[in-house]
Amino acid sequence: MRLLYKKLDSNLIENIQLNETEMLFQILKLIQTHLIKEHDTNNFYYKLKILLNQNIELAKAIFEVLTQRKINKYINNKLLPYDIQVIKDLFKKQRLNLLTNNFSSFLDKNYLLPCQKKNCQFPKLKLQTQYQEQYICLICLKKMCPKFCGKFSQGDLGNLQRHSQKKHLRKCVFLDVEKSQVLLIYSTSYFFITNTLFINKKGDSPIKGPYPLQHYQKFQINMKALDQIFDIIMDEKFLKKLDDENQDNVKTEVI
Ligand SMILES: [Zn+2]
Ligand SMILES: [Zn+2]
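Residues numbered from 1 in each chain as written. Chains lettered and ligands numbered in written order. Predicted model: local features only at pLDDT ≥ 70, side-chain atom pairs only at ≥ 80, totals over all residues.

Colleague: Would you mind going over the overall build of the chain in detail, with residue names and values included?
Modeller: The helix and strand inventory of the chain stands at ten helices and seven strands. Looking at the 255 residues of the chain, the share that counts as buried comes to 21%. In the chain, of all internal contacts separated by at least 6 residues, the share reaching a separation of at least 24 is 63%. (Helix = DSSP H or I, 4+ residues; strand = E, 2+ residues; numbered from the N terminus. Buried ≥ 20, exposed ≤ 12 C-beta atoms within 10 Å, placed from the backbone. Contact = placed C-beta atoms within 7 Å.)

Colleague: So what's going on with the nonpolar core? Which residues, and what values?
Modeller: With 29 residues, the main nonpolar core has Y135, L138, V173, F174, L175, V182 and L183 as its most contacted residues. Among the elements of the structure, α7 (103–110), β1 (135–137), β3 (171–176), β4 (181–186), β6 (198–199) and α9 (223–234) are those that each provide at least two residues to this core. Other than its neighbours up to four places away in sequence, V182 contacts V173, L175, I193, L197 and I229. With seven residues, the next largest nonpolar core counts I31, F44, A59 and L66 among its residues. (Core = buried A, V, L, I, M, F, W, Y, C linked by C-beta atoms within 7 Å.)

Colleague: So, α9: which residues are in play, and what are the values?
Modeller: The first and last C-alpha atoms of α9 sit 16 Å apart over twelve residues, in line with the 16 Å expected at 1.5 Å per residue. In the segment just after α9, E236 is the residue with positive phi, at about 55 degrees. (Expected span 1.5 Å × (residues − 1).)

Colleague: Lay out the pairing of strand β5 (residues 189–192) in plain terms, naming residues and giving numbers.
Modeller: Both β4 and β5 contribute to a ladder of four bridges, which runs antiparallel. From the neighbouring strand, L183 faces β5, where its bridge partner is F192. Between the end of β4 and the start of β5, which pair antiparallel, lie two residues, with S187 showing a positive phi angle near 55 degrees. (Pairing = 2+ DSSP bridges.)

Colleague: Requested: an account of the environment of L30, with residues and values cited.
Modeller: Checked against the element boundaries, L30 lands in helix α3 (residues 20–37). Take L30: there are 19 C-beta atoms within 10 Å of it, and that puts it in the partly exposed class. Spatially, the C-alpha atom of L30 lies 7.4 Å from that of K47, the residues being 17 residues apart in sequence. With near-sequence residues (within four places) excluded, L30 lies in contact with F44, K47, L48 and L51.

Colleague: Provide a residue-level description of unusual backbone geometry, including the pertinent values.
Modeller: Positioned with a positive phi, H39 is a non-glycine residue whose angle comes to about 50 degrees. Take H39: it is sitting in the loop between α3 and α4 (41–51). Of note in this structure, R170 is not a glycine but carries a positive phi near 75 degrees. Position of R170 relative to the elements: it lies in the loop between α8 (159–167) and β3. Classification of R170 by C-beta neighbours within 10 Å gives partly exposed; the count is 15.

Colleague: How would you explain the confidence of the model for the chain if you had to name every residue and give the values?
Modeller: A residue-level look at the chain finds 82% of positions with pLDDT of 70 or above and a mean pLDDT of 82. Under a pLDDT of 50 for its full length, residues 71–75 has, in the predicted model, five contacts with residues more than four places off or in other chains. (pLDDT = per-residue confidence, 0-100.)

Given below as structure tokens:
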């Protein structure tokens with residue numbers, strides 16, 4: 001980043017109108033695939049230009065900064081100016097921070113946050129409200145209503161499907177806030193992963209109901225399920241997971 005600032009007018013970077021975490025993550029994935037694994041700088045540059053198609057100048061600058069030290073297989077990965085493990089750990093840490101360690105504090109922190117869709121007119125919720133669908137995107141952490149924010153609309157795709165197509169190259173992972181169940185979307189198909197992110201000692205999953213927060217304290221974070229989700233996101237296991245899934249569970253309705 002420092003090199004980029006030196007090289008360019010710093011406004012160029014500040015003007016990128018994209019979610020920074022998402023973009024950084026996509027660039028890191030390209031680095032991992034084409035520079036670290038394949039040592040293919042041409043392919044890296046080609047994909048980088050596609051990723052940053054609004055900003056060829058920036059693509060060129062990033063490419064030069066990352067490849068000016070010639071990459072070859074004799075260079076130990078640790079000498080490269082980035083560490084993919086550090087990025088992965090940070091990614092996990094941010095999501096753990098969102099989830100907290102039990103369902104009670106998770107709801108306390110997230111349940112009353114409004115949907116971040118621009119024109120959402122969904123009525124304000126109270127803590128004791130009965131089950132009301134709401135989701136958080138586990139890639140960019142944006143919260144939103146499924147379908148059309150409480151309105152009926154004749155579109156083919158709901159909020160979650162459109163978000164995944166527009167922001168995350170058609171692949172996305174959402175968390176159902178009230179059930180702590182994870183929804184996996186690939187293109188327009190989706191299904192719910194059976195293991196929830198919170199469970200009690202008996203292995204039961206929570207469902208948000210008209211109860212006070214203490215009711216949910218016995219549901220603790222399920223690290224096994226969470227690690228499975230991290231694997232899916234970071235190692236791009238979306239397609240494999242959908243293929244493995246019993247096709248009866250895969251839906252394509254509006255969500
Ligand atoms: Zn998102
Ligand atoms: Zn909404």
